[in-house]
Amino acid sequence: MAFQEINSKMVQATVAPGQRLFSQRGAMLAYRGEVSFTPNLRGGQGGVMSMIGRRVANEDTPLMTVEGSGTVFFGHGGHHVQVINLSGDTLYVEADRLLAFEGTLEQNTVFLGSQGGVMGMVRGQVSGQGLFTTSLKGHGSVAVMAHGGVFEVPITPQRPVRVDPQAYVAHHGDVRNKLSTALGWRDMVGRGSGEAFQLELSGSGTVFVQASEEKL
Amino acid sequence: MSTVHHDPATLPADDNVNAYTFCVELKGSQWFLQKGKMIAYYGTIDFNGIGHGRLDRLVRTSFHSPLHASDWVVAEGSGKMLLADRAFDVNSYDLEDGNLTIRSGNLLAFQPSLALKQSIVPGFLTLIGTGKFVAASNGPVVFVEPPIRVDPQALVGWADCPSPCHHYDHGYMTGLLGGLRAMTGLGGASGEEHQFEFVGAGTVLLQSSEALMAEQSVGAPPQQAGVPGGGTSGASGGRSGVPGLPGQLGDLQRRFGL
C-alpha cells in the first residue's frame, strides 16, 4: 500500500530503495528524507516505442520518476484524489488524471477502437477520452485525480451501470462498455435533456464517478 | 444533504460554520479583517479603515508597520460576523504565547491580542502573541513536523521553527546526459528542482494543492543596508550585471557550474 490518503486532496506515499513511483510533474507538495525527482523523458514505462505511441495517442502526460527513501506528499490543482488499489486487474484511466502510481504497474496505451470498433471511437470522442486511453495493470496502487469527490459504483453482471460520459473517471475489472444513445427528434431541434449520451458499463468490476461534469 | 438554517442564536461563536465559512462573535471587542473578507453579519458592527482618526493608535500597537495597515479593517461592535474567501477552506488557529509566520494572502482575520509584523521572508507575515486568527487555504491544511522539504507553492506558513532555507535538487542535471538535458532543455524539468527546507523543532503548514492564493501586499521593508529585500544590500548580490545570453540558463547555469 504505497499511498495513504491524508485528506480529500492530498496523498502520502512511501518510497523505499528499489521501489519506484511515477507521478505527474509538479505534483509533489513536500517530502521527507532523501528523494529524487527525475523528469521522465518517455512519459512513463516502456521503451522509446512506448513513448512514441503515447505521443501519437496524446496520452503523454509529463511524468517524473520518484526514487529514494522517504515520504512524499502529492496533490495537484486542488483536485480531489482517489487511491485505487489494483490486485492483478487492469485500470483504464485518462493519462492526465494520473497523479501518481507505483512502478510495479504496467502502463499501456489502449486504442478505444479495439473495444467495439467504430462505436468505441465514437464513445471515446463523446466521453472526452479521445481515441486512446491509458491502462495500468498489475499489483499496486494508483492515485487518480477528479473534479469533486469520487465515488465507486460496483458493476455486477445483473446490474449494468450507466454513467454520464463527462463524470466518468476510471474503471477496472472485467467490464465491457458501450455508449448508449437516447437521441430523439428533441435533441435535433435543440430541446434535448442534455443526457443523450450515456456510458453503459456491464460485466463485473468497479467504475469511479466524479461528482462533477467538469473534465480536468 | 439538506440546507442548514442558522439564526443569530445557532451560529457558532468563533468557530467554523462549514469548511468554507468562519463565524466570529463580537461582544464589544475588536477583530482585524483583511479588506473584503466579511460576507455577512448580525448585530451592530462598525467597519473602519485602520490608521485614521481614533484608530491611529492601532498601527502602533498591533501592526507595527504603517505600510500595509491600509489593507486591513477593524470590525468593532457586538454581533456575529461571517468570514469567507472565494470558497477556499477556512480554518482558525490558536496561538498561545507563540509565533506563526503565514503567507500574506492566506491570512483573513486575527484578534487584536496578536501583533502582526512583516516577516523577513518577503510576502510573509508573522503573528506574535496569544489569540486566535483565521486563515484560508486551497484544500485542507496539513500540519507536518520538520525536517521536511516543501514545494514553495504548497507552503502556507510555519510556527515556532526558524525560517526555511532554499534547497535545490538538480541531481538529474549533472553528468554528461544531465548536462545535455540542462543545455538543450530536452526531456523537460521535473518542476521539483526547488524546495523550501525546514529543520529544527516546530510545525509547518501545508495546503493540499499548488494553487496559490493571491498575494496581499505586506509593504516594502525599509530601504536600508542589511535588510533583506531592502534593495540596498552591500554588494549587489545578484549576477554581476551580465545579461543572460540566449541558450543559457542564466542563474541555473551558474548554479550548476556550467
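By the naming in an unreviewed UniProt entry, chain B is AIM24 family protein, taken from Streptomyces hyderabadensis.

Within an unreviewed UniProt entry, the label attached to chain A reads AIM24 family protein, and the organism entered is Streptomyces hyderabadensis.

**Q** Help me understand the interface of chain B and chain A in this model?
**A** A common way to report how large an interface is uses the accessible area buried once the components associate. Taken together, the contact pairs 25 residues of chain B with 23 residues of chain A. Listing elements by their share of the side of chain B that touches chain A, those giving two or more residues are β9 (141-144) and β10 (148-150) of chain B. Of the residues forming the side of chain B that touches chain A, the biggest block, 3 residues, is contributed by β10(B). Residue composition of the side of chain B that touches chain A, grouped by class: 11 nonpolar, 9 polar and 5 charged.

**Q** What is the right way to read the environment of B:D151 from this model?
**A** Topologically, B:D151 is positioned in the loop between β10 and β11 (155-159). Not counting residues up to four positions away in its chain, the partners in contact with B:D151 are A:M28, A:L29, A:A30, B:E192, B:Q195 and B:E210.

**Q** Hey, could you run me through the confidence of the model for chain B in this one?
**A** Close inspection of predicted coordinates is inappropriate for parts of the model with low pLDDT. All names here are of chain B. Averaged over every residue, the pLDDT of chain B is 77; the share at 70 or more is 69%. A low-confidence stretch, residues 232-248 (pLDDT under 50), is modelled with 7 contacts involving residues beyond four sequence positions or located in other chains. Reported for the predicted complex are a pTM of 0.77 and an ipTM of 0.73.

**Q** Just checking my understanding: could you explain the domain arrangement of chain B for this structure?
**A** Residue and element names in this part refer to chain B. Here chain B is partitioned into domain 1 (12-137) and domain 2 (140-210). Taken residue by residue, the interface counts 12 residues in domain 1 and 10 residues in domain 2. Its residues placed into classes, the side of domain 1 that touches domain 2 shows 4 nonpolar, 6 polar and 2 charged.

**Q** What am I meant to see in the pairing of strand β7 (residues 98-102) of chain A here?
**A** Across a regular strand the side chains alternate sides, sitting on one face of the sheet and then on the other. Residues and elements named next belong to chain A. By the criterion of burial, β7 is predominantly enclosed, with 5 of the 5 residues buried. One ladder, built from 3 bridges, connects strand β3 (residues 21-24) with β7; its direction is antiparallel. By the bridge assignment for β7, L21 is matched with E102. Bridge count for β7 against strand β9 (residues 132-146) is 3 bridges, and the pairing is antiparallel. Bridged to F101 within β9 is V142.

**Q** Just to check I follow, could you spell out the pairing of strand β1 (residues 15-18) of chain B for this structure?
**A** Residues and elements named next belong to chain B. Strand direction decides the pairing type here: β1 and strand β2 (residues 21-34), joined by 3 bridges, are antiparallel. Bridge assignment links N16 to a residue of β2, and that residue is F22. In sequence, β1 turns back onto β2 through a hairpin of 2 residues.

**Q** Sorry if this is basic, but what is going on with the nonpolar core here?
**A** Soluble globular proteins tend to bury their nonpolar side chains together. Residues A:F74, A:A143, A:V144, B:L33, B:L83, B:A109 and B:L206 are the most contacted members of the largest nonpolar core, which totals 99 residues. There are two domains that each give this core at least three residues, and those are domain 1 (12-137) and domain 2 (140-210) of chain B. Setting aside residues no more than four positions away along its own chain, B:L33 makes contact with B:M38, B:W72, B:V73, B:A75, B:L83, B:L108 and B:A109.

Cut-offs used in this document
- Residues numbered from 1 in each chain as written.
- Chains lettered and ligands numbered in written order.
- Predicted model: local features only at pLDDT ≥ 70, side-chain atom pairs only at ≥ 80, totals over all residues.
- Contact = placed C-beta atoms within 7 Å.
- Helix = DSSP H or I, 4+ residues; strand = E, 2+ residues; numbered from the N terminus.
- Nonpolar A, V, L, I, M, F, W, Y, C, P; charged D, E, K, R; others polar.
- pLDDT = per-residue confidence, 0-100.
- Domains from an automatic or database assignment.
- Buried ≥ 20, exposed ≤ 12 C-beta atoms within 10 Å, placed from the backbone.
- Pairing = 2+ DSSP bridges.
- Core = buried A, V, L, I, M, F, W, Y, C linked by C-beta atoms within 7 Å.

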